[in-house]
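One letter stands for each residue in the lines below.
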Amino acid sequence: VITGGHYDVDCRLEDPDGIVLYKEMKKQYDSFTFTATRNGTYKFCFSNEFSTFTHKTVYFDFQVGEDPPLFPSENRATALTQMESACVSIHEALKSVIDYQTHFRLREAQGRSRAEDLNTRVAYWSIGEAIILLVVSIGQVFLLKSFFSDKRTTTTRVGS
């Protein structure tokens, strides 16, 4: 869960027969690995029913199968050349870089969401303070005006 509420959500994964393969409640982050035994449509569902007032943003990533070999002759019985083995190690390093970049992008999205929420709250607080300051200023003007205004008292005579 990237943003929203307490950063937790329910998740369920079902196979084509409707058998639940994975079910977790109120999780922020998790990883699940499995090998599909059947062809068909696998369903997954994220639920937010316990926290209906807050909207949540969820990130998920699929990694399907193994990467194809870089070289058509990579699975041969002879050893790889130095150039081929260097290419394979660079390829593996780049895959880990992609994983790190994804992680940092998610953290950046969380931070950006938090900063925007904080900015909105500060803006509303500032508007409220400005309104209160305006009301107090107007009240003080009328109060000071009443101190210096000349009040005329009228006297009435009762009976003569």
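Residues numbered from 1 in each chain as written. Predicted model: local features only at pLDDT ≥ 70, side-chain atom pairs only at ≥ 80, totals over all residues. Heavy atoms only, no water.

Where an unreviewed UniProt entry is consulted, the protein appears under the name GOLD domain-containing protein, with the organism given as Aquarana catesbeiana. Listed in UniProt under the heading Sequence similarities (unreviewed entry), the comment for the protein reads: "Belongs to the EMP24/GP25L family." (UniProt positions renumbered as here; feature names shortened; annotations may be inferred.)

Colleague: What am I meant to see in the packing of aromatic side chains here?
Modeller: Two descriptors summarise a pair of aromatic rings, namely the distance from one centre to the other and the angle between the planes of the rings. Under the defined criterion, the tally for this structure stands at four aromatic pairs. For the ring pair Phe44 and Phe46, a centre distance of 5.7 Å and an interplane angle of 75 degrees mean the geometry is edge-to-face. Exposure remark for Phe44: the relative accessible area of 33% places this residue in the partly exposed category. Every member of this aromatic cluster is reached through a ring pair, and the members are Tyr22, Phe32, Phe34 and Tyr42. (Phe/Tyr/Trp six-rings, centres within 6.5 Å; stacked < 30°, edge-to-face > 60°. Buried < 20%, exposed > 50% of the residue type's maximum accessible area, 1.4 Å probe, protein only.)

Colleague: For this particular structure, what's the right way to read a nonpolar patch on the surface?
Modeller: On the surface, Phe44, Phe46, Phe60, Phe62 and Val64 cluster together into a nonpolar patch covering about 520 Å² of accessible area. Inspection of the secondary structure assignment puts Phe46 in strand S3 (residues 43–47). With relative accessibility at 31%, the residue Phe46 sits in the partly exposed group. (Patch = residues over 30% accessible without salt bridge, like charges linked within 9 Å, V, L, I, M, F, W, Y side chains within 5 Å. Areas by Shrake-Rupley, 256 points an atom, 1.4 Å probe, with all protein chains shown as cover. Salt bridge = Lys/Arg side-chain N within 4 Å of Asp/Glu carboxyl O. Helix = DSSP H or I, 4+ residues; strand = E, 2+ residues; numbered from the N terminus.)

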